[in-house]
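Report on the structure
For reference, the chains in residue letters:
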Amino acid sequence: QIEGDLAGLSPDLVLVLPSGHNDITGAKRFSDREATAFNHGLRRRVEDSHLFRSVAKIAGGSAEQDVTVPPPGVPSAPWRVPAEQIEENLLAMVGACREQGSAPVFIAPPQRIEVQQAVPAYRAVAELVERVADTTGTPLADPASLFAARAPEPLFVDNVHPNRTGARLIAF
């Protein structure tokens, strides 16, 4: 897909933040595109509802602070995309960027410590990113220390996606 994303562009730099979170979840009955469209639409409808806003206000917080850590071992299902394929995909991204004359830079996926401990597969994906960066000589920016310095400030909207403040830290 990155080839299509780069078509017609000539960026000097391409930032790649490969979290792998969708890849390590168990097989789904919907395609990635269908699931993403459904989840974004549902979340938007819920967050825009008067009831949601009222409950968040009463609770003294927001959706960004209401993050549930998955139980240890989740996901237990086999990875939807095998680790070898994730690594091949990362190598292909590096190759496509360089073929276009762009310099790829990996950004290590920021992860909440509790989630990383509960779901070791998330750390495994981060290690794949580190290995591909090392093997290909691709720079790797790791915002982990920036996130750690802001703890316990909420920096994620859920277990995976950084909130606005978290995104600003990644952009450091």
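Let me begin by describing the structure that accompanies this report. Because the structure is predicted, anything quoted here is derived from the model rather than measured.

**Quick word on the nonpolar core**
Judged by nonpolar contacts, the single largest core of 15 residues is most densely connected at Ile2, Leu6, Val14, Ile86, Leu90, Cys97 and Phe106. Sorting the residues of this core by element identifies α1 (2–6), β1 (13–16), α5 (83–99) and α7 (120–136) as the ones contributing at least two each. Broken down by element, the residue count for this core peaks at 5 residues, all from α5. Residues in contact with Ile86, not counting those within four places in the same chain, are Asp23, Trp79, Val81 and Leu128.

**Quick look at the sheet that holds strand β2 (residues 103–107)**
In space, the 3 strands of this open sheet follow the order β1-β2-β3, with parallel pairing throughout. Unpaired on one side and paired on the other, β1 and β3 (140–141) mark the two borders of the sheet. Contacts between α5 and the sheet are confined to β1 and β2, with β2 contributing the most and set at about 145° to the helix.

**Points about the environment of Pro139**
You can see Pro139 is positioned in the loop between α7 and β3. A sequence separation of 32 residues divides Pro139 from Ile107, and the C-alpha atoms of the two residues are 8.5 Å apart. Residues in contact with Pro139, not counting those within four places in the same chain, are Pro104, Val105 and Phe106.

**Notes on the packing of aromatic side chains**
Evaluation of the coordinates by the stated rule reveals 1 aromatic pair. Consider the rings of Phe147 and Phe156, whose centres lie 5.5 Å apart with planes at 45°: the pair is tilted.

Cut-off values and rules
- Residues numbered from 1 in each chain as written.
- Predicted model: local features only at pLDDT ≥ 70, side-chain atom pairs only at ≥ 80, totals over all residues.
- Heavy atoms only, no water.
- Core = buried A, V, L, I, M, F, W, Y, C linked by side-chain atoms within 4.5 Å.
- Buried < 20%, exposed > 50% of the residue type's maximum accessible area, 1.4 Å probe, protein only.
- Helix = DSSP H or I, 4+ residues; strand = E, 2+ residues; numbered from the N terminus.
- Contact = heavy atoms within 4.5 Å.
- Pairing = 2+ DSSP bridges.
- Axes fitted to C-alpha atoms, helices over the stretch in contact; angles between N-to-C directions.
- Phe/Tyr/Trp six-rings, centres within 6.5 Å; stacked < 30°, edge-to-face > 60°.

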